2 protein chains.
Amino acid sequence: MAAHRFYAPQASRIGQTVALPPGEAHQLRHVLRLRRDATVHAFDGRGREFVARVQAVDRDGVSIRTVEAVEPAREPAVDLALALAVLKGRTTAAVVRDATMLGARTIQPITTARSPAGAAAAGLDRAVDRWQAIAIASAKQCRRAVVPAVRPPLPFAELVARGPCGLGIMLVEPAIAAPHASIRTVADQPPPARATIAVGPEGGWTDAEVEAAAGAGFRLLTLGSRTLRAAAAPAAALAILQYVWGDL
Amino acid sequence: MAAHRFYAPQASRIGQTVALPPGEAHQLRHVLRLRRDATVHAFDGRGREFVARVQAVDRDGVSIRTVEAVEPAREPAVDLALALAVLKGRTTAAVVRDATMLGARTIQPITTARSPAGAAAAGLDRAVDRWQAIAIASAKQCRRAVVPAVRPPLPFAELVARGPCGLGIMLVEPAIAAPHASIRTVADQPPPARATIAVGPEGGWTDAEVEAAAGAGFRLLTLGSRTLRAAAAPAAALAILQYVWGDL
């Protein structure tokens, strides 16, 4: 039976006593009903993982003491950012969850011309907190020691103005007019140190967005000849990129 | 603007007048409000696609006349069956939808030792109809001309007794005890004509199931070092296999 894992962002070395964040403390105490001296795993969300012992469980919270370093799950070689157009309802959350399991290091929500109404970058602060919590939960579940950082949303124009960090990929539909290539072409080059993959909303990118991205250095790539749902495309693309770059 | 597509299983040649199934007729008449002489696309679910003209729209339904053959979306080279352990709630439906977009040719629901309560093969007849309808809707959306066949559910033991059709793959968790390999190893061989990939339920396979599958010729393969959700693993595995076999 694998050890219960807790997110302990303050844990940085062996022999340290740290408090668990409230949500983690609640789960340890009230859901799993663990007590003092129970052995658990703690990961700091930046790639470190420890065996830890529960030190105190009381109204003030839960503290644990790191006992021993553990080899964390291997991270992908490529530092991969997903620039994700905000999707309808809970769909963005589902993509954040899967992108975490598929090894994304950063999730950059973006708002685009065809983003659903209400997805203005300014109104998304609470959503970002929720997506970050989902990234933590997903890292726990898939036994990853790194929690992807969910960034504050950016308007698409600003993403383009900054340019891609590392290799820039914009996922486009097979029917798009602009010159584009298959995602297979990424395998023609050695893995980059960093990459950014931009995935559009349900209604797709506008022609102007595609042009702007191409002008800023994003490569326009497609995932085969069928049109994937906006909610399914990010996971399929991440799975293939991680495969090509040797992680999956 | 791409033409509206309708599923017309009776369409088989040019110059033929066929009735649309009730759900398709409803969509044409009441949702899209198309009329006589409108030009649409019709696909038969087995890989043929036509330009068609709306012939009659009335209380009895909708009939269309095929006018011209259209080059259908390219199908994957490998005839790929997904043997999918029935998942909780609506999750199975979501996987059927994505597997259709990712080019699965057959979806074989299976019931396993850790399938959710209520997922006995005998009680799933209505669920199969629903999943088949979802496969049709997904084929329409992704512009595929082939609708994957959703088979009647099988107990896992029977799947194993029949053995895999073509190359057999069982997707297992990285932590599993039995000897297993990375999904990367499929790339060491030329693409098979047919393949079956078995994916387990939320609780995973039992040791006995893994052993039985290995004994029946399934290769035990993992998707990297992180544990993917049961609902996300099929799409990630299908995306990678279709990539390796040249489709995506």
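Cut-offs applied
- Residues numbered from 1 in each chain as written.
- Chains lettered and ligands numbered in written order.
- Predicted model: local features only at pLDDT ≥ 70, side-chain atom pairs only at ≥ 80, totals over all residues.
- Heavy atoms only, no water.
- Pairing = 2+ DSSP bridges.
- Helix = DSSP H or I, 4+ residues; strand = E, 2+ residues; numbered from the N terminus.
- Axes fitted to C-alpha atoms, helices over the stretch in contact; angles between N-to-C directions.
- Contact = heavy atoms within 4.5 Å.
- Least-squares fit on C-alpha atoms with pLDDT ≥ 70 in both.
- Buried < 20%, exposed > 50% of the residue type's maximum accessible area, 1.4 Å probe, protein only.
- Right-handed = clockwise from strand over helix to strand, strands pointing away.
- Parallel < 35°, antiparallel > 145°, perpendicular 65-115°, else oblique.
- Left-handed = near helix turned anticlockwise from the far one by under 90°.
- Nonpolar A, V, L, I, M, F, W, Y, C, P; charged D, E, K, R; others polar.

> Sorry, what's going on with the sheet that holds strand β1 (residues 5-7) of chain B here?
Think of a sheet as strands paired side by side through backbone hydrogen bonds, with each pair either parallel or antiparallel. All names here are of chain B. Spatial strand order, β1-β3-β4-β5-β2: 5 strands in an open sheet with mixed pairing. At either end of the open sheet lies a strand with only one pairing partner, and these are β1 and β2 (17-19). On average, each strand axis in the sheet is tilted by 45 degrees relative to the strand beside it, whichever way the strands run. Across 5 bridges, strand β3 (residues 39-43) lies against strand β4 (residues 49-58) in antiparallel orientation. Across the sheet, residue H41 finds its bridge partner in β4, namely V51. With respect to the sheet, helix α1 (residues 22-31) is in contact with β1, β3, β4 and β5 (61-70), its orientation differing from that of β1 by roughly 155 degrees. Where helix α3 (residues 125-142) meets the sheet, its contacts fall on β1 and β3, and the angle it forms with β1 comes to roughly 155 degrees.

> Which parts of the structure should I look at to understand the relation of the copies chain B and chain A?
Two chain copies, one operation linking them: a rotation about an axis together with a shift along it. You can overlay chain B on chain A at an RMSD of 0.0 Å; the transform is a turn of 180 degrees with a shift of 0.0 Å along its axis. What the rotation and shift describe, once combined, is the action of a two-fold rotation axis. Looking at chain B, 100% of its interface residues are interface residues in chain A too, so the copies touch through the same face.

> Got a minute to help me understand the pairing of strand β6 (residues 79-85) of chain B in this structure?
Successive residues of a regular strand alternate their side chains across the two faces of the sheet. All names here are of chain B. In terms of residue burial, β6 counts as a mostly covered element, since 7 of its 7 residues are buried. Residue alternation in β6 divides its side chains into two sets, D79, A81, A83 and A85 and L80, L82 and L84, and both sets are buried. The pairing of β6 with strand β12 (residues 194-199) spans 6 bridges and is parallel. Following the sheet pairing, L84 is matched in β12 by V199. Where β6 and strand β7 (residues 106-111) come together, 5 bridges link them in parallel fashion. When the bridges of β7 are listed, A81 appears paired with T106. In this view, the connection linking β6 to its parallel neighbour β7 by way of helix α2 (residues 91-101) has right-handed handedness.

> How do you make sense of the packing of helix α2 (residues 91-101) of chain A against helix α3 (residues 125-142) of chain A when you look at a structure like this?
The axes of two packed helices give the description: the angle between them and the distance between them. Residue and element names in this part refer to chain A. Where α2 contacts α3, the axes come no closer than 8 Å and their chain directions differ by 40 degrees. With respect to α3, the axis of α2 lies oblique. As α2 packs across α3, the resulting crossing turns out to be right-handed. Of the residues in α3, those in contact with T92, A93, V96, R97, T100 and M101 of α2 are W131, I134, A135, S138, A139, Q141 and C142. Here the residues of the contact of α2 with α3 sort into 8 nonpolar, 4 polar and 1 charged.

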